[in-house]
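Breakdown of the fold
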Amino acid sequence: MDWKEVIGQEDIKHRLTAMVQEGRVPHALLFCGAEGTGKLALAMAFASHLLTGPDAPANAEAMLREWAHPDLHFSYPTIKLSSMSADHQPVSSDFAKEWHQLIMQGPYFTLRQWMKQMGATTQQSIITGAESDELGRKLNLKSSQGGYKVAIIWMPERMNQTSANKILKLLEEPPQQTVFLLVSNEPEKLLETIRSRTQRIDVKLIGEETIRQALITQRGIDEEAATQIARVAHGSWLRALEALDAGNENRQFLDMFTLLMRLAYARNIKELKKWSEAVAAYGREKQRRMLVYFGQQVRENFVYNFKIPALNYMTADEEAFSKKFSPFIHEGNVIEISELIERSNRDIGQNANAKIVFYDFALKMIVLILRK
C-alpha cells in the first residue's frame with residue numbers, strides 16, 4: 001500500500017517515514033483519532049513501508065498488494081457465531097477470509113461494515129484472550145522474510161480484560177524485530193499501562209479542502225456536490241463516503257431521533273413504548289451507533305441556536321428538522337440530555353436489558369425536552 005492512498009495527513013506521513021530513515025522505529029505506536037480520519041490507512045501504509053525496505057525480498061510489494069505478507073499480522077474484534085462450539089473463543093483467523101475481502105476494498109471502513117462482513121446480528125464484537133495468545137504465538141516465530149514483523153491491532157479498546165493483560169505482556173517483552181501498530185477510536189478505554197508502553201500519534205480531522213479534492217479526483221464528484229459533502233463530513237472520509245450513499249444508516253437514525261423528540265414533546269407514553277421496543281430489536285452494536293448519532297444531533301441543535309452556520313455540520317435533512325427543533329435544546333437541558341445518552345450507551349455496552357434502557361431513556365427525555 002502506498003502513502004498516496006491515505007487521504008491527507010501529510011505531517012504524519014512525513015513523521016513516520018522519518019522514523020524509518022533515522023532508524024528510530026518504536027516497538028509500539030498508538031494511532032488515535034476520530035473515526036474516518038485514516039488511522040488504519042496510516043498503519044497499513046506504514047506497515048507496507050517497513051516491510052518493503054531496501055533489504056526486503058523482490059516479491060514483498062506484490063505480497064502486500066494482496067495483503068498476504070507472512071510477516072504482517074492483523075488482529076481485530078470478532079463475534080461468536082452459532083456454529084462455534086460453546087467453549088470456543090473466536091479469534092481473527094476464524095474470520096480471515098472476511099477481513100481480507102474487506103481490506104482489499106480499501107483501508108477506510110467502519111465497525112458496522114466489519115460486523116456486517118462477519119454476518120453479525122445482535123452480537124457485540126470483542127478481542128478475546130485466545131486472540132492474544134494466537135497473536136503471541138505468531139510473533140514469536142522467526143521473521144519469514146528476515147526483516148520486521150508487524151502486528152496491526154484494530155480497535156484495541158474492544159479487548160476484554162484477559163486479552164488486554166496478555167497484550168500488555170507482549171508490549172512489555174516484545175518479540176525481536178516486532179512492531180505493534182494499535183489503531184484506536186477510543187484510547188481512553190485502554191489500560192493506562194498499555195498506553196504508557198506505546199508512542200501515541202494523534203490523527204487529526206482531515207481538512208475540508210483535502211476531502212473536497214479527494215471526492216473530485218477519486219470519486220468523480222462534481223465540484224458543487226463535493227464542496228457540500230466535504231462540509232458535512234467534518235473531517236471524516238467515512239462520513240463523506242456515507243453522504244454518497246443514498247441509503248446510509250444515519251438517515252434511519254435521523255428518523256428515529258425525530259420520532260423520539262416529537263413523541264416526547266407530545267407526552268405520548270404508549271407510542272414511546274413502541275419506539276423503545278423497535279430500537280431494542282436493532283442489536284447492541286447498532287443501538288450504540290444510534291446513541292452516538294443522537295449525541296451528535298443534540299450538539300448540532302444546541303449550536304444551531306447561535307445562528308453561526310460555520311459551527312454546524314448537518315445534512316440538509318438534519319437542518320430542516322433543526323430549524324424548528326433546536327430551541328428545545330438549550331443551556332437548561334443540553335448537559336443532562338448528553339449525560340443521559342452517554343449513560344444509556346454505557347448500559348447497552350454492559351449488556352443491560354435494551355427494552356428497559358430505551359423505555360427509561362424515552363420517559364426521561366419527556367422531562368428534559370419540555371424543560372424551559
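Details of the structure are given in the entry above.
Along each chain, residues carry numbers from 1 onward, in the same order as the chain's sequence is written. Only residues with pLDDT of at least 70 get local features here, since the model is predicted, and only at 80 or more are side-chain atom pairs given and counted; chain-wide, interface and lining totals rely on the full set of residues. Only hydrogens and water are removed before side-chain values are computed, so all heavy atoms of the structure are retained for them.

Points about helix H11 (residues 237-244)
We call a residue buried when its accessible area falls under 20% of the maximum for its residue type, exposed when it is over 50%, and partly exposed in between, using a 1.4 Å probe and counting protein chains only. Put simply, DSSP marks the helices as runs of H or I at least four residues long and the strands as runs of E at least two long, and each gets a number from the N terminus on. All buried positions along H11 are accounted for by Trp237, Leu238, Ala240 and Glu242. Close packing links the buried residues of H11 with helix H5 (111-118), helix H9 (208-219), helix H10 (223-233) and helix H12 (249-265). Taking the backbone nitrogen of Leu238 as reference, a side-chain oxygen 3.3 Å away marks Ser236 as the first, capping residue of H11. It only takes one pair of heavy atoms within 4.5 Å for two residues to be counted as in contact. Under this definition, polar contacts are N or O atom pairs within 3.5 Å; protein pairs additionally need one hydrogen-donor-capable and one acceptor-capable atom, and for neighbouring residues in sequence, both atoms have to be side-chain atoms.

Here we look at the layout of surface pockets
Approximately 570 Å³ is the volume attributed to the second largest pocket. Taken together, 23 residues form the lining of the second largest pocket, with Tyr108, Phe109, Gln113, Leu238 and Leu241 sitting closest to its centre. Mapped by element, the contributors of at least two residues to the lining of the second largest pocket are H5, H9 and H11. Side-chain classes are defined by residue name, with Ala, Val, Leu, Ile, Met, Phe, Trp, Tyr, Cys and Pro counting as nonpolar, Asp, Glu, Lys and Arg as charged, and the others, Gly among them, as polar. Classifying every residue of the lining of the second largest pocket by side-chain character gives eight nonpolar, eight polar and seven charged. In this analysis the probe radius is 1.4 Å and the grid spacing 1 Å, with only protein atoms considered; a cavity is a set of points the probe fits into but cannot get out of, a pocket is an open set with protein on both sides within 12 Å along at least five of seven lines, and lining residues have an atom within 4 Å of a point. Grid points are joined across faces, edges and corners, and a volume is the space filled by probe spheres set on the points.

Some words on the nonpolar core
In this description, a nonpolar core means a group of buried Ala, Val, Leu, Ile, Met, Phe, Trp, Tyr and Cys residues linked to one another through side-chain atoms lying within 4.5 Å. One finds Phe31, Ile152, Trp154 and Leu181 to be the most contacted residues of the largest nonpolar core, which totals 58 residues. Looking at this core element by element, the count peaks at 10 residues for helix H2 (residues 39-51). Not counting residues up to four positions away in its chain, the partners in contact with Leu181 are Leu29, Phe31, Ala43, Phe46, Ala47, Val150, Ala151, Ile152 and Ile153. The next biggest cluster of nonpolar side chains, apart from the first, holds 36 residues, and it includes Phe257, Met290, Tyr293 and Ile369.

Observations concerning the sheet that holds strand E1 (residues 28-32)
Here a strand pair is declared whenever DSSP counts at least two bridges between the two strands. Taken in spatial order, the five strands of this open sheet run E2-E3-E4-E1-E5, and their pairing is parallel. Edge positions in the open sheet fall to strand E2 (72-75) and strand E5 (199-202), since each of these has one partner strand only. For this sheet the average axis-to-axis angle between neighbouring strands, irrespective of direction, equals 20°. One ladder, built from four bridges, connects E1 with E5; its direction is parallel. Counterpart to Cys32 in the pairing with E5 is Asp202. A fitted line through C-alpha atoms serves as each axis, taken over the contacting stretch for helices, and the angle formed by two N-to-C directions is quoted from 0 to 180°.

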